[in-house]
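# Secondary and tertiary structure notes
Residues per chain, in single letters:
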Amino acid sequence: GQNIDQPTEMTATEGAIVQINCTYQTSGFNGLFWYQQHAGEAPTFLSYNVLDGLEEKGRFSSFLSRSKGYSYLLLKELQMKDSASYLCAVTSNAGKSTFGDGTTLTVKP
Amino acid sequence: ETGVTQSPTHLIKTRGQQVTLRCSSQSGHNTVSWYQQALGQGPQFIFQYYREEENGRGNFPPRFSGLQFPNYSSELNVNALELDDSALYLCASSSLQGASYGYTFGSGTRLTVV
């Protein structure tokens, strides 16, 4: 089975940088995804890591360490619209994703 | 390129009734996964369909069943509804060949069981 842990809530200031951590235990690993979910909406894809290291995409970066079962999502130059839930999801060899409960990020002025 | 479409968007059912939720997958995607998301929690995997066959199932009872059609659209059926079935049901389409692109989610069906 798979177990995924991420903080429940985080608060940051507009323009700042925030790091959302995710730890996982899995019996089969074929990649880790981060999704963004605004209240009342469906999750949308942010990033994918399958090899160790940092993947950068604009203001968002995601890091993976497979040996430590650890990932983080880094958000730079925070904007008010970044207030949302951020979901960490681990994908098994069979292509199925298991999600954490999400981290609710609140960006304050 | 069309996205993932789910219907209905909202539904209210009585305990013990049956419900069918529908999903049209994104063009080019051959895999459909269904998730249940309770308020304040992450999506929980129900099952996945690939080329009309069930391709894995989560910890949900047999009263949760599904179908995938030749055009890759899908249905989720829930029998003998219980109050705890109240949740957002998400359909996600994907392509096994393009696994690194992740899921494309529909907007979900909000089911309320009373």
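As shown above, the structure is provided for reference.
This write-up is about the structure you can find in this document. (Residues numbered from 1 in each chain as written. Chains lettered and ligands numbered in written order. Predicted model: local features only at pLDDT ≥ 70, side-chain atom pairs only at ≥ 80, totals over all residues. Heavy atoms only, no water.)

The next subject is the state of the cysteines. Going through the model one piece at a time under the given rule, you end up with two disulfides over all chains. Put simply, A:Cys22 and A:Cys88 are joined by a disulfide, and their sulfur atoms are 2.0 Å apart. Here the S-S torsion is close to -65°, and the disulfide linking A:Cys22 with A:Cys88 is therefore left-handed. Placement of A:Cys22 in strand β3 (residues 18-25) and of A:Cys88 in strand β9 (residues 84-91) is noted, with a sequence separation of 66 residues between them. For the pair A:Cys22 and A:Cys88, a shared accessibility class is recorded, and that class is buried. Each sulfur of the disulfide joining B:Cys23 and B:Cys91 lies 1.8 Å from the other. When the S-S torsion is -60°, as for the bridge of B:Cys23 with B:Cys91, the disulfide is left-handed. A residue pair is termed long-range when its members are at least 10 positions apart, and B:Cys23 in strand β3 (residues 19-24) and B:Cys91 in strand β9 (residues 87-94) qualify at 68 residues. Since its relative accessible area comes to 2%, B:Cys23 is described here as buried. Residue class for B:Cys91 comes out buried when judged on its relative accessible area of 0%. (Disulfide = S-S within 2.5 Å. Helix = DSSP H or I, 4+ residues; strand = E, 2+ residues; numbered from the N terminus. Buried < 20%, exposed > 50% of the residue type's maximum accessible area, 1.4 Å probe, protein only.)

Right, let's get into the sheet that holds strand β8 (residues 74-78) of chain B. All names here are of chain B. Here we have four strands laid out as an open sheet, ordered β1-β3-β8-β7, and antiparallel in their pairing. The two strands at the open ends of the sheet, each matched to only one other strand, are β1 (5-7) and β7 (64-68). Between one strand axis and the next, the sheet turns through 15° on average, direction left out of account. Direction of pairing for β7 relative to β8: antiparallel, over a ladder of five bridges. Its bridge partner being in β8, Ser-65 is matched across the sheet by Asn-77. (Pairing = 2+ DSSP bridges. Axes fitted to C-alpha atoms, helices over the stretch in contact; angles between N-to-C directions.)

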